[in-house]
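Here are the chains, one letter per residue:
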Amino acid sequence: MKCILIPKHGEDIDNLLTFSDNFPQPARKPGQVLVKVQACALAPGDIRVMKGHCDYFQSPRGFPYIPGGDISGIVQEADEKSRFKRGDRVLCMFEIPRPLDGLAEYACVKEHLVEKIPDDMSFTDAAALTSSALASHNACESFVKPGDRVLILGGSGGCGTFLIQMAKNKGASYIATTSSDSELVKSLGADECINYHKEKFWQITKFKEDPFDIIIDLGVGRYEAYSMAKNSGVLKAGKDGGRYLTFSGDEPHMKIHNMGQTVKFALSILPRVFWTRLWPLVPRYLHHMDALEVKPGRFAKIIDMKLRVVIDPHSTDNTLDLGGVKRAFHVMDKRAGHGKVVVQVAST
């Protein structure tokens, strides 16, 4: 089968990615679904796996490996008693913790990570929905309350474009977001866009006068952002319900190669979570540990929301060839996408 291969860890996208047109097709195991892949969406995890930055827990099973994890496609084969049958149109999420095997003509996926999609949903949109919409939905379900004033740091990225819509659907009374694309985020439901190239959210007077209930950090990550929110008064104190939710640690491009670094990462987060819970005069600090938890029926619920799926404009030229995949990886590496970065694996 045709696929993209990466032979080793490294930083050089142009020299690492290779193309094969005769790689063995995967053999389905019991409990798995064999899917003919139509589209594959990229995420920051794809870059981490390639570079080996978190190889202690997020390294491929061996080399060379097929990158890409979130896919959509057509079922070719499933267990006899499976809820899926040949011809079903589906979306599929990678198995945590490593996104693998998506940039290929065929992939095998565990059944609980697969969901049927309606006939009127494109394969591109379906692949884009998978892990980003799941993480956003889990965040909204657990942390956003009706009536909240919400600030989303990074509203035009893969998660941000979904989170704006979901927070609005959850009943948020006001949504602001940082982005360089004001037109996009406002079209999704944001009330205000803060151009982070021109102003800092913690310096805006009206936010100090009417602070947020929750700030959701999708990529800034560093403790500085929490400190600025806390010290400036743009986020309510914990006793008034103020909370700061982050999807990453203090370093968005974290590196974990051994147990010592794993412990160091945990110790940079957990004490902060505990002491802000005990000290009500500061906003609570929260880490989205269960971002990609897949509960029964969760994907079906997300599909039923009829969300607008924003595809990064560069994705129209991303096909299953070296040029297209390299373009997609470069956009993902720079975190420059507006919406989801998707590779078109097949045309039918």
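Numbering of residues starts from 1 in every chain and runs along the sequence as written. Reporting of local features is limited, given that this is a predicted model, to residues whose pLDDT is at least 70; pairs of side-chain atoms are given and counted only at 80 or more, and all residues count toward the totals for whole chains, interfaces and linings. Here the side-chain values reflect all heavy atoms present in the structure, with hydrogen atoms and water set aside.

Broken down by element type, the protein carries ten helices and 14 strands. Computed over C-alpha atoms, the radius of gyration of the protein comes to 20 Å, within 12% of the 20 Å expected from 2.2 N^0.38 for 348 residues, which places it in the range of a compact globule. Type-normalised accessible area, obtained with a 1.4 Å probe on protein chains alone, sets the label of each residue: buried when under 20%, exposed when over 50%, and partly exposed for intermediate values. The buried share of the protein, reckoned over its 348 residues, is 54%. Across the protein, contacts joining residues at least 24 apart in sequence account for 75% of those joining residues at least 6 apart. Each accessible area is a Shrake-Rupley result for a 1.4 Å probe, and residues are judged covered by the shown protein chains and nothing else. Carbon and sulfur atoms form 52% of the exposed surface of the protein, whose accessible area is close to 15400 Å². Separation of charge centres in the protein, based on 45 positive and 41 negative side chains, amounts to 4 Å. In this description a helix means any DSSP run of H or I spanning at least four residues, a strand means any run of E spanning at least two, and both kinds are numbered starting from the N terminus. Here the radius of gyration uses the C-alpha set of atoms, whereas the globule reference equals 2.2 Å times the residue count to the power 0.38. Contacts: residue pairs with any heavy atoms within 4.5 Å of one another. His residues and chain termini do not enter the charge count, which takes Lys and Arg as positive and Asp and Glu as negative. We put the charge of a Lys on NZ, of an Arg on CZ, of an Asp on CG and of a Glu on CD.

This next bit is on a nonpolar patch on the surface. On the surface, a nonpolar cluster with roughly 460 Å² of combined accessible area is contributed by Tyr56, Phe57, Met259, Val263 and Leu267. Its location among the elements puts Leu267 in helix 8 (residues 259-278). Residues enter patches when their relative accessible area tops 30% and they take part in no salt bridge; the joining distance is 9 Å for like charges and 5 Å for the nonpolar side chains Val, Leu, Ile, Met, Phe, Trp and Tyr. Counted as salt bridges are all cases of a side-chain nitrogen of Lys or Arg within 4 Å of a carboxyl oxygen of Asp or Glu.

Here we come to helix 7 (residues 223-232). Of all the positions in helix 7, only Ala225, Tyr226, Ser227, Ala229 and Ser232 are classed as buried. Along its buried surface, helix 7 packs onto helix 6 (205-209), strand 11 (214-217), strand 12 (243-246), helix 8 and strand 13 (284-287). Just downstream of helix 7 lies Gly233, where phi reads positive at about 90°.

This brings us to the nonpolar core. Soluble globular proteins tend to bury their nonpolar side chains together. Side-chain atoms within 4.5 Å link the members of a nonpolar core, which is a set of buried Ala, Val, Leu, Ile, Met, Phe, Trp, Tyr and Cys residues. The biggest cluster of nonpolar side chains holds 90 residues, and the ones touching the most others in it are Leu17, Leu103, Leu129 and Phe329. Sort the elements by how many residues they give to this core and helix 3 (residues 123-143) lands first, with eleven residues. Each residue touching Phe329, except ones within four places of it in the same chain, is listed here: Ile13, Leu17, Leu42, Asp46, Ile47, Met50, Pro67 and Leu103. Judged by nonpolar contacts, the second largest core, of 21 residues, contains Leu151, Tyr174, Phe212 and Ala229.

Here the expected length of a helix is defined as 1.5 Å per residue gap, with one fewer gap than residues. Over its 21 residues, helix 3 extends 30 Å from the first C-alpha to the last, a length consistent with the 30 Å expected when each residue adds 1.5 Å. The buried fraction of helix 3 is high, at 18 of 21 residues.

Of all five residues that make up strand 9 (residues 174-178), five are buried, and the element is covered over most of its length. Of the two faces of strand 9, both are covered, the one formed by Tyr174, Ala176 and Thr178 as well as the one formed by Ile175 and Thr177. When DSSP finds two or more bridges between a pair of strands, those strands are recorded as paired. In this sheet, strand 9 lies alongside strand 8 (residues 149-153) in parallel orientation, the contact comprising five bridges. Residue Ile152 lies in a different strand from strand 9, and its bridge partner there is Thr177. Note that strand 9 and strand 10 (residues 192-194) share three bridges and pair parallel. Following the sheet pairing, Thr177 is matched in strand 10 by Cys193. A crossover gets the label right-handed when its path from the first strand over the helix to the second runs clockwise, viewed with the strands pointing away from the viewer. Each parallel crossover has a hand, and the one from strand 9 via helix 5 (residues 182-187) to strand 10 is right-handed.

Two numbers describe how helix 2 (residues 44-51) lies on helix 10 (residues 322-334): the axes approach to 9 Å, and their chain directions differ by 100°. By the angle between their axes, helix 2 is roughly perpendicular relative to helix 10. In contact with Pro44, Asp46, Ile47, Met50 and Lys51 of helix 2, helix 10 contributes Phe329, Met332 and Asp333. Helix axes use the C-alpha atoms of the stretch in contact, all axes being lines fitted to C-alpha atoms, and the angles between their N-to-C directions lie in the range 0 to 180 degrees. Any angle that falls under 35 degrees is termed roughly parallel, while one over 145 is termed roughly antiparallel, one within 65 to 115 roughly perpendicular, and all others oblique.

What follows is about the sheet that holds strand 9. Pairing in this open sheet of six strands is parallel, and the strands run 10-9-8-11-12-13 from one edge to the other. Bordering the open sheet on either side are strand 10 and strand 13, each of which pairs with just one other strand. Across this sheet, the average inter-strand angle for adjacent strands is 20°, counted without regard to direction.

Turning next to the pairing of strand 8. By the criterion of burial, strand 8 is predominantly enclosed, with five of the five residues buried. Across the two faces of strand 8 the burial is the same, with Arg149, Leu151 and Leu153 and Val150 and Ile152 all buried. Between strand 8 and its parallel partner strand 9, the chain crosses via helix 4 (residues 158-170), and the hand of that crossover is right-handed.

A few words now on unusual backbone geometry. With omega at -5°, the peptide bond leading from Phe63 into Pro64 counts as cis. In this fold, Pro64 is placed in the loop between helix 2 and strand 4 (70-77). Cis peptide bonds are those with omega within 30 degrees of zero, and the linkage from Ile96 to Pro97 qualifies with 15°. In this structure, Asp101 is a non-glycine residue whose phi angle is positive, near 75°. Position of Asp101 among the secondary structure elements: in the loop between strand 5 (89-92) and strand 6 (106-110). Take Asp101: its relative accessible area is 27%, and that puts it in the partly exposed class. The backbone of Lys306 sits at a positive phi, close to 55°, despite the residue not being glycine. Counting through the fold element by element, Lys306 comes out in the loop between helix 9 (298-304) and helix 10. The class for Lys306 is exposed, based on a relative accessible area of 60%.

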